[in-house]
Amino acid sequence: MVEISGLPVVAFNEDETMDLRFILPFEIDPEKAPWDQLNITISPEAGIVTPPDKGEVVFQFQSEVELDYKTSNLIILYQEDFEFAELRVDNAYVTHYATYTVQYTNGAQELKPGQRIFLETTSSINFPQSIVTKKVWVNGVWPNYIEYDNGLFTIELAESILPHEEILIHFGEDFGITNPETSEHIYFIIRHEAEPKAYLTNNIEIKMFDTYIRNISLYYDSSDKNVAYFLVSIHFSSRDLPITDEEIELDLGLGEEPYKSTTTALTYQSFILFDIPALPGTYTLTFSWKDNSISKEYKIPELN
């Protein structure tokens, strides 16, 4: 990290925007490390104060050699003190699909049908490109609609929520939220149209998941090349290892009934499935045990 002493040059514009100009005493070449990605951090000692009024803020970036502006994500400034909400994530491991639930108590104002609730996050959660309203519930009821744009969910209510009533917003697993790709803490900020109060959820740590599908091998019957037996090897972390007689399920993704069994020993890490139809294509294998599930894509090749 390179530090620059001194303050940026500040200019106030007629349209009430503000320019910050950084004068660099060195050359930046994007073809050379560490300049392939430029991070600018302004320390509190610089004396820049957040505006006193709530509102929406964006930053635009421009350099003297690259005049096209790059625009940041939208930042919402809040004026009120936060009240707290509860965030629950049922499968808090990196890259996994998960259900997300936010619960908090409404304030003193009634929320009426057609009014909106806003959920904002700056975390690197991966949300589906296609939003399906009927896979989200607010107090057990589908909303009129739900939109997502750049870290901000907008939910229009179908039914009223009374003052001081509990609000439960639930995103089911089939909604398609995927946890961040690296370990981090995630949270949401909630507000709605009936009052200016904002709610901040607790942090949830998304953890690395060190149990994985090590290998998927298939071997063909010598008399029928459309039938094979599969050897599936699982690498378990010590905390995830199934105990004796614990139920497991193995689904090859081929449209067959999943293989279900119980483990017989603590070191049970390989499974053999016989006489399985093996048509060429790309499939997803899913292995489930305890409250966990891991998946891996694999291919069945064309045979000459």
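Note: the structure precedes this text.
All values derive from a computational prediction rather than experimental measurement. (Residues numbered from 1 in each chain as written. Predicted model: local features only at pLDDT ≥ 70, side-chain atom pairs only at ≥ 80, totals over all residues. Heavy atoms only, no water.)

Undergrad: Would you mind going over the overall build of the protein in detail, with residue names and values included?
TA: When you go through the protein residue by residue, the secondary structure sums to zero helices and 24 strands. Counting all 304 residues of the protein, 33% fall into the buried class. Across the protein, contacts joining residues at least 24 apart in sequence account for 61% of those joining residues at least 6 apart. Working note: accessible area of the protein is about 19400 Å², and carbon and sulfur atoms make up 49% of it. (Helix = DSSP H or I, 4+ residues; strand = E, 2+ residues; numbered from the N terminus. Buried < 20%, exposed > 50% of the residue type's maximum accessible area, 1.4 Å probe, protein only. Contact = heavy atoms within 4.5 Å. Areas by Shrake-Rupley, 256 points an atom, 1.4 Å probe, with all protein chains shown as cover.)

Undergrad: Break down the layout of surface pockets for me, citing the residues and quoting the values.
TA: Empty space among the atoms becomes visible once a probe the size of a water molecule is rolled across them. One number sums up the size of the second largest pocket: a volume of about 410 Å³. Around the second largest pocket sit 19 residues that line it, and His96, Tyr97, Ser293, Ile294 and Ser295 are the ones nearest its centre. Secondary-structure elements contributing two or more residues to the lining of the second largest pocket are strand S18 (212-221) and strand S24 (292-300). In terms of residue count, S24 provides more of the lining of the second largest pocket than any other element does, six residues in total. Of the residues belonging to the lining of the second largest pocket, the class tally is six nonpolar, eight polar and five charged. (1 Å grid on protein atoms, 1.4 Å probe; cavity = no way out; pocket = protein on both sides within 12 Å on 5 of 7 lines; lining within 4 Å. Points joined across faces, edges and corners; volume = space filled by probe spheres on them. Nonpolar A, V, L, I, M, F, W, Y, C, P; charged D, E, K, R; others polar.)

Undergrad: Break down a nonpolar patch on the surface for me, citing the residues and quoting the values.
TA: A cluster of nonpolar side chains, namely Phe22, Leu24, Ile40, Ile42, Ile48, Phe59 and Phe61, defines an oily patch on the protein surface of about 610 Å² accessible area. By secondary structure assignment, the location of leucine 24 is in the loop between strand S2 (18-21) and strand S3 (55-57). The class for leucine 24 is partly exposed, based on a relative accessible area of 37%. (Patch = residues over 30% accessible without salt bridge, like charges linked within 9 Å, V, L, I, M, F, W, Y side chains within 5 Å. Salt bridge = Lys/Arg side-chain N within 4 Å of Asp/Glu carboxyl O.)

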